[in-house]
Each structure stands twice: as C-alpha cells, then as structure tokens.
Amino acid sequence: MTFCAICGGTAFEDRPVLWPGLIAEWELSAEEAAYIDRQQGRTCLACGGNLRAMALARALLAAWEGGPVLARFATSRAARRLRVLDLNGAAGLGEALKPMPGYRLATYPQEDMQALSFADASFDAVLHSDTLEHVPDPAAALRECHRVLRPGGTLAYTVPIIVGRMSRSRAGLPPSYHGDPAQSGEDWRVQTEYGADAGAA
C-alpha cells in the first residue's frame, strides 16, 4: 500500500485495537490477533481511515470507474448524480464522500438495518463497515440494503473475519462487545462472529 484510496495520503501508523478481554472472548491466537489489529488499526495519518475503510473506497472507485482517490472523485462532475447511503460513517470515508450532493449518512442503530426507512431503489450505492456483525438478523439487513439499491447499484461492506474458522452466532455465549472496551450498550453487542464462510450466504 503506497497511498490511501480515501484521501491520497502516504503516511500510516499501526494502532492496536484489540484488548485482552476481547481476544479471550473470540478465542484468538496470537497470529489472528495480529492480523485483526493490522486490518482494523493501520491508519492513514491524513484522514484517519483504516485498511477496511480504504478497501471500501477502492470498491466504490472500481464500481464508479472513479480513479485512484475517493476524495478527488467526490468533487467531480460524475459524482454529482450519485446517491449514496452510508450506514455508519467509517473514519475518513464519510468526510471524503460529504462533497457529493447525494451522500446520506444514516447511522446504525438509529437507522434499523433490518427495516430501512428509505424507498425502494433510492440509492446508487449502500455502504457499511464492520456493522453487520451487530445486527440480530444480518440476512434481513442485506435484503434491505438490496431493496433500497437502484438496479445495477453497488453494495460495499466489511465484516471482521476470523479466517481460520467458520462463522458462528454468539447466541447462548457470554455477551461480547466491539469498538471501545468501556462500551457495553446493545448496539455494540456482537451477534455474529464471521469466519471463512462469510461470503457463502
């Protein structure tokens, strides 16, 4: 990675994001914890975006044939006609998209991903980052994302994946929370731990 696909920045910093309690709850090996810390914690010093937000930026740019840097594309003539629904405002990404007249931030859980408040075929793109694992019925949430997309639209999202195992529900397991170790609200609670089969549904 030589530059940030969100803003074009070239300086990065690795920031740890996991803490011992979460590593224990997820039963992570040292190698798994290291790659999750890198995925979630390698941060562009210019915009604050991490690797997963940069991956979303690259996906949108590929879908829109928008060049190498999202912030530049967002101020282009082509960007003016696009309507984008951002369901959680990943660091750096929302700021880059704000210049687009059709950009809409509707933060989960205030916006219920299982019953979106928008009309059918309202958006050219829907994006969310590491949010689906908190939704009680992720399949319903993805159906809703599809419903509000225009024909040919783009759904771009990330979920945290533990590649050495299969996905599992946390139903019946002790509650586990993401984001901030001091937070324990229901919107932070993990419903699904995604594994190698995450794209198979």
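Rules used in this analysis
- Residues numbered from 1 in each chain as written.
- Predicted model: local features only at pLDDT ≥ 70, side-chain atom pairs only at ≥ 80, totals over all residues.
- Heavy atoms only, no water.
- Helix = DSSP H or I, 4+ residues; strand = E, 2+ residues; numbered from the N terminus.
- Rg over C-alpha atoms; globule rule 2.2 N^0.38 Å.
- Buried < 20%, exposed > 50% of the residue type's maximum accessible area, 1.4 Å probe, protein only.
- Expected span 1.5 Å × (residues − 1).
- Arc of directions from axis to C-beta.
- Contact = heavy atoms within 4.5 Å.
- Pairing = 2+ DSSP bridges.
- Axes fitted to C-alpha atoms, helices over the stretch in contact; angles between N-to-C directions.

### Concerning the overall build of the protein
Here comes step 1: Helix and strand counts for the protein stand at six helices and nine strands.
Here comes step 2: For the protein, the C-alpha radius of gyration of 17 Å lies close to 17 Å, the compact-globule estimate for 201 residues.
Here comes step 3: With respect to the three principal axes, the spread of C-alpha positions in the protein is 50 × 40 × 30 Å.
Here comes step 4: Classification of the 201 residues of the protein by burial places 45% in the buried group.

### Overview of helix α2 (residues 30-41)
Here comes step 1: Its 12 residues give α2 an end-to-end C-alpha distance of 16 Å, which sits within 8% of 16 Å, the value for a rise of 1.5 Å per residue.
Here comes step 2: Among the residues of α2, those classed as buried are E32, A33, I36, Q40 and G41. Along the axis of α2, the buried residues cluster in a sector spanning 130 degrees; they form a single face. With respect to the buried face of α2, the exposed residues turned more than 90 degrees away are A30 and E31.
Here comes step 3: In the core, the buried residues of α2 are packed alongside β1 (12-14), α1 (20-26), β2 (42-44), α3 (51-64) and β7 (161-162).

### Remarks on the sheet that holds strand β9 (residues 192-195)
Pairing between the strands of a sheet comes from backbone hydrogen bonds, and it takes one of two forms, parallel or antiparallel.
Here comes step 1: An order of β7-β9-β8 is seen for the three strands of this open sheet, with the pairing classed as mixed. Strands with a single pairing partner mark the edges of an open sheet, and in this sheet they are β7 and β8 (168-169).
Here comes step 2: The sheet contact formed by β8 and β9 spans two bridges and is antiparallel. Paired with S169 across the strands is T192, a residue of β9.

### A closer look at the sheet that holds strand β3 (residues 83-86)
Here comes step 1: Taken in spatial order, the four strands make up an open sheet running β4-β3-β5-β6, and their pairing is parallel. Every other strand in the sheet has two partners, leaving β4 (102-105) and β6 (149-158) as the edge strands with one partner each. When strand polarity is set aside, the average angle formed by the axes of neighbouring strands in this sheet is 15 degrees.
Here comes step 2: Relative to β6, strand β5 (residues 123-129) is paired through six bridges, and the arrangement is parallel. Bridge pairing links S129 to T158 in β6.
Here comes step 3: The strands touched by α3 within the sheet are β3, β5 and β6, with β6 carrying the most contacts at an inclination of about 160 degrees.
Here comes step 4: Here helix α6 (residues 138-148) sits on the sheet and contacts β3, β5 and β6; the angle it forms with β6, its principal contact strand, is near 140 degrees.

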